[in-house]
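Chain and residue survey
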Amino acid sequence: MNKYFQPRVAASLLAIAILSGAATLHAQEILVDGFEGASGTIHSSNASAQIVTSGKATQGKRVLDVHLSAHDEDSITIPVSRPVGADSLGDSNLAFDVTNLSQVSVQIFVSLRAADGRSRQGMGVVGPGETKTMYAVLSGYEANVETGMREIPPAWKTSDTKLFGRNYLGTIDPTQLTSITFETHANPSAREILIDNIRLRKNPPADPFFLTDLVDRYGQAAKLEYPLKVHSDAELLAAAKKELAELAASKGPPGRSRFGGWANGPKLKATGYFRTEKVKGKWWLVDPDGYLFFSSGVANVRMANLGTMTGYDFSAPDVRKTDPEALTPEDSIDIVPVAPQYRESRFLASPLRRSMFEWLPAYDDPLGDAYGYRRSAHRGAMEHGEIYSFYKANLERRYGADYMAKWREVTIERMRDWGMTSFGNWVDPKFYQSDRIPYFANGWIIGDYKTLSTGEDVWSPMPDVYDPEFKRRARLTVEEIAREVQGSPWCVGVFVDNEKSWGRNDNLQTHYGLILDALSKSSKDSPAKAHFTVMLKQRYKSVAALNAKWKTHFASWDAFAVGAKLTDLEAAREDLSLMLSDYGETYFATVSSELKRVMPHHLYMGVRMAQWGMPEEIIRAALKHSDVLSFNNYKEVMHPEAWGFLAKLDKPTIIGEFHIGSTSDTGLYHPGIVEATDQKDRARMYEQYMNSVIDNPVMVGAHWFQYVDDNVTGRAYDGENYNVGWVTNTDRPYPEMVEAAKRVNYGLYQRRYGK
């Protein structure tokens, strides 16, 4: 037994056989719905569903036949009556059988809702013509353990497919289940699936070692085999030698300008820097020499955020000290080494995390320089602790002591061979002066300014943009970006910040949560509240007029200034919108003015709004102050139903992040946000996504996130352990993706222009 493993005492198993519906289920199973008898009313949105007799039924003779439309969102919701006997199961999971009758893979999102208010969402993919049994763990150790990984390996051996986690930890009481919703997102075409045999099952006995020895000395899944797995240093070096020879022989795509623009296309005005122009009804970037340019690239090409928590920490408090004047957050910098004087305070903080690794080197090992420290984490099994970068260790194995210089050289050669025209956001600043490939510079406005909360902050609270400290930090950040870029014409533009929690469009509370939080504060403590109070005083001659409009009962403006709670959001909606607009205007104007001051020749690319957080007021503010709009969109395609509004805005727009992943042939335990069946399907979906962007008249580029796969055991910042890389953790490119990139990029300009 692994000496770091702390075994769990398994509950005794009670074998029960339950008969339900028209069929006899296996022992320890309870039928929720087999569609043989009467079912409750099935609710649908865009999709259609009917119970039919089918030879593909997995239980009885009847199935639920679901026709999915080519809408942005399709769903069906199946009501659940209290399952008789569910309280006898103990720790359990919910399973169902699904058959894909479509010609392409179908990604399914499954939401479980309970009467006590709890919910869980998982996802899975079914290949064309395939039938799968999928399941979601509802309760037990597997449902509650915090491992520092977004998804963990199955706790028991099974041929069934576990749904990948979309929400966080917690138990769902099977007796409380009220509904099951099946959804698809951004379908490019109509599809059809069959659902059958929805049942509750008692969890089998867990393998006591299912969380131990997960990772080998190369940072790979130790218990799995897959095509690109490396088994020795010799194999790693042989793969590197073969690839380097192929890159040396590659001529890359023909007809490119020195900046990667379309040398065989129209020649426009050359300004010496990148700019935008509309040509024949389509927006384009224009390179410094005047050639049409479309940004096809890879984001996050750097060493930052590639380490994983080892389970060790250091008791010396100085190891966690941060510089309050630092301009870059920890997850955007290279590994922070642990100074030798602190290493003697090293102790085992998480036996669970340590038990995941077959091997970790000593600090004086030649590969010990891949150790670092994470001073804070967004979520995970440890709030802070030692990290190790297997990717950096593998680069040193491949290229020797000067591996970073060789890595940068090889990376640029890969981009050229794959036909990529640029890097995306978050590229190592050491690429900035290489003068070989265009890039986008980036920065974060961090610091000790006042903050606001939407109530659903995804990554961090929002800045109080009226705080003078925020404006000071914005100036310092942009000045630092300017120092790094040094006026280089290879810099296309600048992204500042990312995926901020502006608000969600679900309802008024989530839409205007930022403003509601500001109003609840005291004007003495909140610059935003003080600013909004002045705005409202200018709109309303008296507090009585405000009360009449908002249906409130503030005794005076002084009472309003102390803290305002609203009960009727609809009544105040117009003013909430004005305040959110003013907030957005202030944010974007602050950043834009600083960029124009010190980087007047470079494009302001905006803030890369996530599709889950883009209120119309914020989009309008970005439209006014940005040179290019930017969004992160993790879907199968740029669906016209969701993104049709861009045509009305008629502004050059770029996708800052998207990705697709798979677990079937990668050794990773989570595919990422969009899932394919395997690498071949992943390449197909990449090509499909890119073509949906290339064909959109307002789009000027799209950037894949990210260059390197996540760690098997999760990145230290938040546990993401996704197959999102173009290269594995041993720096081996996925050949299917490389070929897809060439198919897209070598004909990119001809397709975009219409030739």
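Preceding this paragraph is the structure being described.
A brief look at the structure comes next. Keep in mind the model is a prediction, meaning the values are calculated, not measured.

**So, the environment of N729**
- Positionally, N729 belongs in the loop between β34 (699-705) and α17 (735-745).
- For the pair N729 and Y391, spaced 338 residues apart in sequence, the C-alpha to C-alpha distance is 5.1 Å.
- When sequence neighbours within four positions are dropped, the list of residues in contact with N729 reads G219, F390, Y391, N394, V708, D709, D710 and N711.
- In this structure the side chain of N729 is engaged in a polar contact, spanning 3.4 Å, whose partner is the side chain of N711.

**What about the environment of A245?**
- Among the structural elements, A245 can be located in helix α2 (residues 233-249).
- Judged by relative accessible area, A245 falls into the partly exposed class, the value being 48%.
- Separated by 86 residues in the primary sequence, A245 and D331 place their C-alpha atoms 34 Å from one another.

**Observations concerning the pattern of salt bridges**
- Counting across every chain of the model gives 52 salt bridges.
- One salt bridge connects R414 with E243, and the closest N-O pair in it is separated by 2.7 Å. Here R414 is found in helix α5 (residues 403-418), whereas its partner E243 is found in helix α2, with 171 residues between them in sequence.
- Classification of R414 by relative accessible area gives buried; the value is 0%.
- Relative accessible area serves as the criterion here: at 9%, E243 is assigned to the buried category.
- Between R374 and E330 there is a salt bridge whose closest N-O contact spans 3.8 Å. Taken together, the residues R374 in strand β23 (residues 371-374) and E330 in the loop between β21 (312-314) and β22 (346-348) connect sequence positions 44 residues apart.

**Side note on the sheet that holds strand β18 (residues 292-293)**
- Strands sit in the order β16-β17-β18 across an open sheet of three strands; the sheet is antiparallel. Of all the strands in the sheet, the pair left with one neighbour each is β16 (275-279) and β18.
- Relative to strand β17 (residues 282-286), β16 is paired through five bridges, and the arrangement is antiparallel. Its bridge partner lying in β17, E277 is registered against W284.

**Things to note about the pairing of strand β10 (residues 119-126)**
- Of all eight residues in β10, seven are buried, a share of seventy percent or more.
- Where strand β9 (residues 106-114) and β10 come together, eight bridges link them in antiparallel fashion. Counterpart to Q107 in the pairing with β10 is V125.
- Counting the residues that bridge the hairpin from β9 to β10 gives four residues, and of these G117 lies at a positive phi of roughly 95 degrees.
- Strand direction decides the pairing type here: β10 and strand β13 (residues 164-165), joined by two bridges, are antiparallel. Along β13, the bridge assignment pairs G122 with G165.

So, how was this worked out
- Residues numbered from 1 in each chain as written.
- Predicted model: local features only at pLDDT ≥ 70, side-chain atom pairs only at ≥ 80, totals over all residues.
- Heavy atoms only, no water.
- Helix = DSSP H or I, 4+ residues; strand = E, 2+ residues; numbered from the N terminus.
- Contact = heavy atoms within 4.5 Å.
- Polar contact = N/O pair within 3.5 Å; in protein donor to acceptor, adjacent residues only side chain to side chain.
- Buried < 20%, exposed > 50% of the residue type's maximum accessible area, 1.4 Å probe, protein only.
- Salt bridge = Lys/Arg side-chain N within 4 Å of Asp/Glu carboxyl O.
- Pairing = 2+ DSSP bridges.

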